[in-house]
Amino acid sequence: MPLKSAWVMFAEASQDDKNMCASGGLDNVCTVWQLPTAADPAGKLLFSLEGHEGYVCNGRFLGDNKLLTTSGDNSASLWDMNALPEGKDIDMRGFIFEGHDKDVTSCDFKPGAFKEFVTSSADGSMMTWAIGQKTPTSTMRLYQADLDAGMKRGQTKTLIDVNKVKYQSNGFGIGVATEAMGSFLYDVRTLGAANTFVGSSAESKSIPKYSCAFSKSGRLMFVGTEDNTIEVWDTFKPDAGSTLQSLTMNHDNRITEVCVPTTGCVCASASWDTTGSIIQP
């Protein structure tokens, strides 16, 4: 399916019988396609959703022709493709979620429901939201001073970029991948880190983590990294100092996305080396 912009930052397929796919990138537009079928093997463009004032980097279908996107304009937006306003060069967003101070890097819906979701941001925070409410229901901030025992009293707290969030299967845990402080498991009930996933060396702590996903049970957390590997962590092991396994997917560059299907049978990855991989245990 050809796109107007080659700089694509995400692609997401709908999980219903609509057979749609959405993508977004540096052109600030979210494009929605009808996936190819036997009757129409070429597929077709359905919508070009305009309104974001920054790049569009993540998106999730809600069902019923609705889509949630996140953007570099510090917001998340809900689009209702059943009721898009008509006209040229107009804001087509149905609902805007504002609260982050910097780029909103990812989003994920709470398992089993499309009424609650979580976002991550380069402002060092994760926020939970309810559909229909413009302000977040809770905020979790990631400060280096809170995580590094070597920080001195009075030293300025530094917020750490959050690159990706993902709900654990029970809906209470949130996996977090950060730019410079490893990865974490947050508990939405206490709004704090329930577990820390950082290697024993200082070097391993500083390696950027770009994405995360959970096994079907929610016990294992997969983390895509700058050093071309997928870290596998046991969320039951408190303050884990080492991974269960480091999956080498034959990638030659950073792994920007990892995912596990609902069946839990494989782990897939996407990399800056222009390839994707699937590993089956």
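Within each chain, residue numbers correspond to sequence positions counted from 1 in written order. Since the coordinates come from a predicted model, pLDDT governs what is reported: local features require at least 70, and pairs of side-chain atoms require 80 or more to be given and counted, while whole-chain, interface and lining totals use all residues. Hydrogen atoms and water are omitted, and side-chain values are computed over all heavy atoms in the structure.

### A word on the UniProt feature "repeat: WD" (unreviewed entry) in the protein
Put simply, the rule reads: UniProt positions are given in the numbering used here, feature names are shortened, and annotations may be inferred rather than shown by experiment. Secondary structure elements follow DSSP: runs of H or I no shorter than four residues count as helices, runs of E no shorter than two count as strands, and numbering proceeds from the N terminus.
UniProt feature "repeat: WD" (unreviewed entry): in the numbering of this structure it lies at residues 49-82, 97-139 and 213-234. Between the C-alpha atoms that bound residues 49-82 there is a distance of 12 Å. The span itself is 0% helix and 62% strand. In this annotation, residues 213-234 is assigned 0% helix and 64% strand; the end-to-end C-alpha distance for the span is 12 Å.

### Comments concerning the pairing of strand E15 (residues 183-187)
Basically, it comes down to this: Exposure is judged per residue with a 1.4 Å probe applied to protein chains only, and the accessible area is read against the type maximum: over 50% gives exposed, under 20% gives buried, and values in between give partly exposed. The criterion for strand pairing is that DSSP finds at least two bridges linking the strands in question.
Taken across its five residues, E15 has five buried, putting it largely inside the fold. Residues Ser183, Leu185 and Asp187 line one face of E15 and the alternating positions Phe184 and Tyr186 line the opposite face, and both faces are buried. Pairing analysis gives five bridges linking strand E14 (residues 173-178) to E15, with the strands arranged antiparallel. Paired with glycine 175 across the two strands is leucine 185, which belongs to E15. Between the end of E14 and the start of E15, which pair antiparallel, lie four residues, with glycine 182 showing a positive phi angle near 75°.

### Remarks on the domain arrangement of the protein
Operational definition: Where each domain begins and ends follows an automated or database-derived domain assignment. The contact rule is simple, with two residues in contact once any of their heavy atoms fall within 4.5 Å. Computed with a 1.4 Å rolling probe, the buried area is the accessible surface lost when two parts are put together, summed over both parts. A pair is scored as a salt bridge if a Lys or Arg side-chain nitrogen falls within 4 Å of a carboxyl oxygen belonging to Asp or Glu. In this count, Pro and Cys sit with the nonpolar residues alongside Ala, Val, Leu, Ile, Met, Phe, Trp and Tyr, while Asp, Glu, Lys and Arg are called charged and the others, Gly among them, polar.
Entries for the protein in the domain assignment read domain 1 (1-98) and domain 2 (132-143 + 156-280). Relative to domain 2, the C-alpha centre of domain 1 lies at a distance of 25 Å. Tallying the contact residues gives five residues for domain 1 and five residues for domain 2. With both sides pooled, the region where domain 1 packs onto domain 2 buries about 420 Å², and carbon together with sulfur makes up 41% of that total. By the criterion of area lost to domain 2, the three top residues of domain 1 are Phe95, Phe97 and Glu98, representing 64% of everything that side buries. Between the two partners, domain 1 and domain 2, sit zero salt bridges. A per-element tally of the side of domain 1 that touches domain 2 places strand E8 (residues 95-98) first, with four residues. Of the residues in the side of domain 1 that touches domain 2, the class split is three nonpolar, one polar and one charged.

### Notes on the side chain of aspartate 273
Quick reminder of the rule: Residues scored as charged are limited to Lys and Arg (positive) and Asp and Glu (negative), so that His and the chain ends carry no count. Pairs of N or O atoms are called polar contacts if they sit within 3.5 Å, as long as, within protein, a hydrogen donor faces a hydrogen acceptor (for residues adjacent in sequence, only side-chain-to-side-chain pairs).
Along the chain, aspartate 273 falls in the loop between strand E22 (267-271) and strand E23 (276-279). Among buried Asp, Glu, Lys and Arg side chains, aspartate 273 stands out as unpaired, with arginine 254 the closest opposite charge at 11 Å. At 3.0 Å, the side chain of aspartate 273 and the side chain of histidine 251 are in polar contact.

### Some points on the sheet that holds strand E9 (residues 104-109)
What counts here: Each axis is a line fitted through C-alpha atoms, and for a helix only the stretch in contact is used; angles between axes span 0 to 180 degrees, taken between their N-to-C directions.
Spatially, E9-E10-E11-E12 is the arrangement adopted by the four strands of the open sheet, whose pairing is antiparallel. The open sheet has two edge strands with one neighbour each: E9 and strand E12 (138-141). Sheet twist, expressed as the mean angle between neighbouring strand axes with direction ignored, is 20°. One ladder, built from five bridges, connects E9 with strand E10 (residues 116-121); its direction is antiparallel. The partner of serine 106 across the bridge, within E10, is serine 120.

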